[in-house]
Amino acid sequence: MSASLAASAGSAACQALQLSDWRQLLAVIWDFLSLSLFSLGGGNTLLNEYHHMAVDQYCWLTSRQFAEIYAIAEAAPGPSSMIVGLLGMGAAVREGPFWGVISGVAAEIAILLPSTLLMVVAALSWNRLRHSPWRVAFERGLGPITLGILFAVGLKILRISDHDTPAYAVSLVVCVLMLRTKISPLWFMTVAGVMGALGLVNR
Amino acid sequence: MAEVAPAPTHWQLFLGMQQVALSSFGGGLSAWSERIVVEERQWMSKEEFITGLTVARLFPGPNQINMAVYIGSRFGGLSGAIAALLGILLLPFSLLMLLGLGYYYLHTTLAVDRVLAGVITASAGMALSMGFKIAGAYSRDPVAMLLAGVSFLAMTVFHVRLVPLVLVAGPLAMAWYWPRGERK
């Protein structure tokens, strides 16, 4: 534990916040609250921002840890983009498991609250919204921007995850299989995990 | 509009969404959601459910969570939405917190480290596939491809953050795609 913390502190100039200090906890909650309404395309567009916050801005995690908790959040059952709970936990877990869980729950609530409130309004007023020109322009206009951002996110995660040729090869094969087949992603992770255990792919 | 059961109470919303979450351990959340909400519990017709999916995808937020919020708020307003949200999140999120604690305390052990080194190559491939998955819908529209390309370059090469990017490119794109004279 302490070894990895030292590594993350050494990699950048910033210092990790003490989240048991409630003012710093509030600042973090505010960051997630203000990102919530920008989670286009199901929330994955925010991954670059999460990486920026967690690795570059606050030093909660190393890039490699970020890649790992992304994988864990993808493998875990339930709705996607619960990664925020793991980010929040990573922000405070050095202060003990209690603070880790509190911070994880707080981060998840913060990222979901604004979009949930907007969704309630949308659900109750959809019949008026559905034919509005705003709806049409929003859907058509933000779609291509979402597409560009998703490519940027995919490239970022690829870069922080893979460091040798076999690793890139596995990622490319998984990408093609994701697009061409309906095999559950859990199989890809299982096979790749075994490859990692056997030392076939390295960092 | 086939026969639709009486509107669910908050407790039923919570239990129904929890059933969705439990059934989908292993994947296929939206398919399970439809099976349970439309077929088993008959809270909604299939048409209503599909409308809900459209709204859930359009608005910001994770799609499946938005769908639960849509279902909950249709029957119970804000408090119904919270009941549905708790139902779909409680068990998966608790499990995730346990996994997270396991990760943060064990990830430096050699075996876990090596397995994770493999697993992240797969999840990177999954992340890479996200863009390709929806690219087909835009490939015949040169303006859309230009917008996508500019957004990609802005983030990747010029390190523009998401919020300013969306605030600048969003209104420009909306102006370009503003419906002119067409009625649907």
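Please refer to the structure placed before this passage.
Residues numbered from 1 in each chain as written. Chains lettered and ligands numbered in written order. Predicted model: local features only at pLDDT ≥ 70, side-chain atom pairs only at ≥ 80, totals over all residues.

1. Describing the overall build of chain A
Here's step 1: Looking only at helices and strands, one finds ten helices and zero strands in chain A.
Here's step 2: Ordered by position in the sequence, the α and β elements of chain A form the string α-α-α-α-α-α-α-α-α-α.
Here's step 3: In terms of principal-axis extent, the alpha carbons of chain A reach across some 55 × 50 × 30 Å.
Here's step 4: Taking all 203 residues of chain A together, 52% fall into the buried category. (Helix = DSSP H or I, 4+ residues; strand = E, 2+ residues; numbered from the N terminus. Buried ≥ 20, exposed ≤ 12 C-beta atoms within 10 Å, placed from the backbone.)

2. Structural notes on the environment of Tyr138 of chain B
Here's step 1: Its place among the elements puts Tyr138 of chain B in the loop between helix H5 (110-135) and helix H6 (142-156).
Here's step 2: Considered as a pair, Tyr138 of chain B and Ala148 of chain B are ten residues apart in the sequence and their alpha carbons are 9.1 Å apart.
Here's step 3: Those residues in contact with Tyr138 of chain B that lie beyond four places of it in its chain are Gly143, Pro144 and Leu147 of chain A together with Ala144, Met145 and Ala148 of chain B. (Contact = placed C-beta atoms within 7 Å.)

3. What to know about the packing of helix H3 (residues 46-58) of chain B against helix H4 (residues 63-106) of chain B
Residue and element names in this part refer to chain B.
Here's step 1: It is at 8 Å that the axes of H3 and H4 come closest, and there the two elements cross at 130°. One element, H3, and the other, H4, form an angle in the oblique class. Once H3 is placed against H4, the crossing between them reads as right-handed. Of the residues in H4, those in contact with Gly52, Leu53, Val55, Ala56 and Arg57 of H3 are Asn63, Asn66, Met67, Tyr70 and Ile71.
Here's step 2: Of the residues contributing to the contact of H3 with H4, the split by class is six nonpolar, three polar and one charged. (Axes fitted to C-alpha atoms, helices over the stretch in contact; angles between N-to-C directions. Parallel < 35°, antiparallel > 145°, perpendicular 65-115°, else oblique. Left-handed = near helix turned anticlockwise from the far one by under 90°. Nonpolar A, V, L, I, M, F, W, Y, C, P; charged D, E, K, R; others polar.)

4. Some points on the interface of chain B and chain A
Here's step 1: At the junction of the two partners, chain B supplies 81 residues and chain A supplies 98 residues.
Here's step 2: Elements that contribute at least two residues to the side of chain B that touches chain A include exactly H3, H4, H5, H6 and helix H7 (162-176) of chain B.
Here's step 3: Ranked by residue count, the leading element in the side of chain B that touches chain A is H4 of chain B, at 23 residues.
Here's step 4: By residue class, the composition of the side of chain B that touches chain A is 56 nonpolar, 21 polar and four charged.

Taken by themselves, the reported measurements are silent on function.
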